[in-house]
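# Remarks on the overall topology
Here is how the chains run, residue by residue.
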Amino acid sequence: MPSNHEYKFPDGESQLAVSNRLQSFINMGFSKNRTAIVTHNVVLRALLGKVYNQPVYNWYKMNPSHLEEHHFLVFNNVLIPRFTKEQQTKYKDELVGFR
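Quantities reported herein were computed from a predicted structural model and do not represent experimental measurements.

Conventions we followed
Residues numbered from 1 in each chain as written. Predicted model: local features only at pLDDT ≥ 70, side-chain atom pairs only at ≥ 80, totals over all residues. Heavy atoms only, no water. pLDDT = per-residue confidence, 0-100. Helix = DSSP H or I, 4+ residues; strand = E, 2+ residues; numbered from the N terminus. Buried < 20%, exposed > 50% of the residue type's maximum accessible area, 1.4 Å probe, protein only. Pairing = 2+ DSSP bridges. Patch = residues over 30% accessible without salt bridge, like charges linked within 9 Å, V, L, I, M, F, W, Y side chains within 5 Å. Areas by Shrake-Rupley, 256 points an atom, 1.4 Å probe, with all protein chains shown as cover. Salt bridge = Lys/Arg side-chain N within 4 Å of Asp/Glu carboxyl O. Expected span 1.5 Å × (residues − 1). Arc of directions from axis to C-beta. Contact = heavy atoms within 4.5 Å. Phe/Tyr/Trp six-rings, centres within 6.5 Å; stacked < 30°, edge-to-face > 60°.

## Section: the confidence of the model for the protein
- When pLDDT is averaged along the protein, the result is 80, and 84% of the positions lie at 70 or above.
- Per-residue pLDDT, averaged within each element of the protein, yields its smallest value for strand β1 (residues 72–75) (80) and its largest for helix α3 (residues 85–96) (87).

Next up, the structure:
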């Protein structure tokens, strides 16, 4: 029986597949100093889960606001967040269960 992060919608991707595709994208590297990426919450939650070193089953706890900007640096294929203090507090609180 597959674990929760391996379940997917019909013709969709599992959270694990999204995470793997995201890491492949990061590993491609970036040739310019600035890159803008526009995505939806599933991919953004995968990014946040990687940044906070969270298991896939905790990703749903992080709830980025609609159209909220998130800034990251990439160094040696590792994401480094450049979050506001409010974002840092929000995600920390969501992961430990405070609202």
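Read on, since the account is not over.
## Structural notes on unusual backbone geometry
- Here the phi dihedral of Asn 53 falls at roughly 50°; this positive angle occurs in a residue that is not glycine.
- Residue placement: Asn 53 occurs in the loop between α2 (41–51) and β1.
- Judged by relative accessible area, which is 69%, Asn 53 ranks as exposed.
- Phi is positive for Leu 67, close to 65°, though the residue is something other than glycine.
- Using a relative accessible area of 77% as the deciding quantity, one classes Leu 67 as exposed.

## Regarding the side chain of Ser 14
- Looking at the element boundaries, Ser 14 is found in the segment before α1 (15–27).
- Its relative accessible area of 10% is what places Ser 14 among the buried residues.

## Notes on the pairing of strand β2 (residues 78–81)
- Sheet topology note: the β1/β2 ladder contains four bridges and is antiparallel. Paired with Phe 75 across the two strands is Val 78, which belongs to β2.
- Hairpin geometry of β1 and β2 is characterised by an intervening segment of two residues between the two adjacent antiparallel strands and by a positive phi of about 50° at Asn 76.

## A closer look at a nonpolar patch on the surface
- On the surface, Leu 73, Phe 75, Val 78 and Ile 80 cluster together into a nonpolar patch covering about 360 Å² of accessible area.
- Secondary-structure elements contributing two or more residues to the nonpolar patch are β1 and β2.

## Notes on α3
- End to end, α3 covers 17 Å across twelve residues, agreeing with the expected 16 Å (1.5 Å per residue, within 8%).
- Listed as buried for α3 are Gln 87, Tyr 91, Glu 94 and Leu 95. The arc enclosing the buried residues of α3, seen along the axis, measures out at 100°, which places them on a common side. Away from the buried face of α3 by more than 90 degrees, exposed residues Lys 85, Glu 86 and Val 96 are located.
- Looking at the buried residues of α3, the elements they touch are α2.

## Digging into the packing of aromatic side chains
- Inspection of every chain in the model, using the stated rule, returns four aromatic pairs.
- Taken together, a centroid distance of 6.3 Å and an interplanar angle of 35° make the contact between Tyr 52 and Phe 83 tilted. Of this pair, Tyr 52 sits in the loop between α2 and β1 while Phe 83 is found in the loop between β2 and α3, placing the two residues 31 residues apart along the sequence.
- Residue classification places Tyr 52 among the partly exposed residues on the basis of a relative accessible area of 24%.
- Three or more aromatic residues joined by ring pairs make a cluster, and in this case those are Tyr 52, Phe 72, Phe 83 and Tyr 91.

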